[in-house]
Structures are given as C-alpha cells and as structure tokens.
Amino acid sequence: KCPHSNRVFSNPMADISPQDAWAKVRDNADPTNFLILGLNDKRAPVVLHIGSGGRNEFVDYLEPGKVMFGAFRVHAIDERGTVTSVRAKFVKVSWVGQSVSPMQRGKVSMVREDFNKILQGCHIDIQTGDVGDVDEKTVESKLQATTGAHKPSRYDFNALPDGDVCPASPISNTKAASGSSFSEKEKEPAAAAPKEEPKKEAPKEEPKEEPKPAGPTNVAAGRTATQSSTADDWKASLASNALSAEGGNSATGNENQPFWEVDLGSVVAISKITVAAGEDTGDATVMVSADPLPPKNNSLEEAKGIAAESFNLAGEIDAAGAKGRFVRVQLNGEGALSLKSVEVMSP
C-alpha cells in the first residue's frame, strides 16, 4: 500500500451523508479517495466505509455475503517529454457478493438507481461479485477502453493530492517517465545508479479468450434509466427492469415530447429493440446514440440530430448494425409516455 504518513484510514459507518462522502472522493484536494455504500434498516443508502487507502483498501471491505455499491479514485498520468499531466478517474463498483442469496439478488435492481443517483460522474461501472474483476490490470484495461486516441501513459492507484505519486508499472506500449508529479518541480541531480545485469524475460503467456455469452443479451436490464418527468411512482427503472422482481410500468407526466432513456454504460452493438408501450401511448421515435441526448422534453428534433439511428416506435425493431450507449423512446407530440418494458438486445 502507498506508504504516505498522512493517509486517512477508513471509518466504517461514518457520521456523514453518502452525498457528502462522494463529494470528498470527487475533490482531488481531499485525501479521501474511496467510499462504500450500503442500505440501513429503512433501506436508505448509508456510508459503510470511507478512506484514502485507494483501490487496495477498497477491495478489503468487499464482503461475499453483501450487496454494496462504491467507487474509488485513480489518476491517469500522461507524460509527454518534460510535461506531466494528471487527471482524476472514478471507478464505480456494483458489488453483489457470491454468497448473496437469490432473493437478495432479485432485489438489487430495485435499489441500484438510488445508488447511481449518488455515484454520478464515474468513468466506468464494474458489476461483479469477484474481487479479481477489480484488480489493477482489469481496471486499467477498462479505463483505457473509454479514452480516445490520446491515451494516458499509466494509471496511479495510490496518488494523493500532496504532490506525490507512488511508483506504478507503465501500461503496455507506453513508457513511464521517472519522478513524475502533480506539478512540475525542480529535481535534484541523481547519483548514477550501479549497472544492473540484464534480466531474462519471462515467457509470454498467450492471451486467454473471454467466454462469449450464449445468444443475444438484454443489455438494458439493471442499467440506469431516466425520463423527462415521473407520474406518481411510475419511475423509469420499472420499464428496463420489467422482467425482474421490480416489475411494473414507467410513466411520464403529460407534456410535449416526453422521453424515456436507458444508459447502457458503454457503446455496444445492438441487434434488436423490443418496446411494449402503454395502451394510450401515441406515435413515438426510438433513437440509438453514442453521445448524450438533450436531458429535456420538447427536444425530439435536436435529439434526432445527435442520434446515430432513429426508428419509428414498434413492438420489435430490427436494429442490426446500430451501435450506441443511449437508447431513447420519445413521443412525437404531446401526451404521457407509458412503457411496460424495454429490452435492448446485443449479439
């Protein structure tokens, strides 16, 4: 673990709201860099653990018999010549331990949205019950996949905002400069290090292929769903989780061009979209977009201009070839949008 003397250890059941705890993690000037949330007796989110031990301490608190939601901060370090830039990245972990009962698992979708509303602004969301899915190599790979052509040199899992960065191994095909820091500092001339004997390279392991899922998968299930407004208790998640224990209809208020939308977490290939709309739902448009769409009603034409694909609402839509992160259903005119279920199938 990072040997900084000013490390703040975790404080289980800290007297701090989840929102304030998340604000501390998001603040790069605060040493706090992780938190773990759970539910209290009233099924409301509470802070279970908070601290500055980074990913290493974060995984120590993941329990096989519990459902927990949390996040930790890492730093993407980009070293270009004499210039070093550091950007904070946030990793969300939706944890369902391997010993969690089937009944508890069925209720996860009912509370996931409450935690997603708190842990906003994360770059990746890892849904797992296996600590191996949260190791540094896996997290680095997932973060790299979210970047563009200009990728960081490496990721530091133990960086603290006091100007120090703990040593870390450079990721593949990059070369990490030594002595990097959060701000440029004058460096003392280093004494010449004794020459080391060249080390023999270990034999390279052949990359293992990830098992492919059998048949199409509903990538909307359990994902964060939103809508332009909510009528009574007909929240957006009721449509994307219609086949789970939560079940039910989603519904907006009566307004011009209301919408319902699901965030799939990343850009995925889509083969088919199945929508079961309420009986009174009028003509609507289904859109697939890699980029965020306008978060307001009365925005259909603007949304269609951003979306990669647009379809007329139908019970079953052949979307083969479409790729996107956001799938939206939006009324063409005025009224309430009611959806019984929405499935987004990926090959």
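Throughout what follows, the structure given in this document is the object of discussion. (Residues numbered from 1 in each chain as written. Predicted model: local features only at pLDDT ≥ 70, side-chain atom pairs only at ≥ 80, totals over all residues. Heavy atoms only, no water.)

Next up on the list: the nonpolar core. With 26 residues, the main nonpolar core has Trp 260, Leu 264, Ile 270, Ile 273 and Val 327 as its most contacted residues. Mapped onto this core, the elements with two or more residues apiece are β11 (259-277), β12 (284-289), β14 (316-331) and β16 (338-346). With seven residues, β11 is the single largest residue contributor to this core. If we skip the residues at most four places from it in the chain, Val 327 touches Trp 260, Glu 261, Val 262, Leu 264, Ile 270, Ile 273, Val 286, Met 287, Val 288 and Val 344. Core analysis: the next-biggest nonpolar cluster, separate from the first, contains 21 residues, Ile 36, Leu 48, Val 74 and Leu 143 among them. (Core = buried A, V, L, I, M, F, W, Y, C linked by side-chain atoms within 4.5 Å. Buried < 20%, exposed > 50% of the residue type's maximum accessible area, 1.4 Å probe, protein only. Helix = DSSP H or I, 4+ residues; strand = E, 2+ residues; numbered from the N terminus. Contact = heavy atoms within 4.5 Å.)

This paragraph deals with empty space enclosed by the protein. Under the criterion given, the structure shown has two cavities of 30 Å³ or more. If you go around the second largest cavity, the residues you meet are Ser 109, Arg 112, Glu 113, Gly 222, Arg 223, Thr 224, Ala 225, Ser 237 and Asn 241. At the level of secondary structure, the elements contributing two or more residues to the lining of the second largest cavity comprise α3 (102-118) and β8 (224-227). A total of three residues in the lining of the second largest cavity trace back to one element, the largest contributor, which is α3. (1 Å grid on protein atoms, 1.4 Å probe; cavity = no way out; pocket = protein on both sides within 12 Å on 5 of 7 lines; lining within 4 Å. Points joined across faces, edges and corners; volume = space filled by probe spheres on them.)

Look at Arg 43: it is not a glycine, yet its phi comes out positive at around 60 degrees. Mapped onto the fold, Arg 43 is located in the loop between β1 (34-39) and β2 (45-51). Non-glycine residue Asp 232 carries a positive phi angle of around 50 degrees. Inspection of the secondary structure assignment puts Asp 232 in the loop between β8 and α5 (237-240).

Val 139, Glu 140, Leu 143 and Gln 144 are the residues of helix α4 (residues 136-145) that are buried. Along the axis of α4, the buried positions cluster into a sector of 135 degrees, meaning they face one direction only. Across from the buried face of α4, at angles greater than 90 degrees, the exposed residues are Lys 137 and Ala 145. (Arc of directions from axis to C-beta.)

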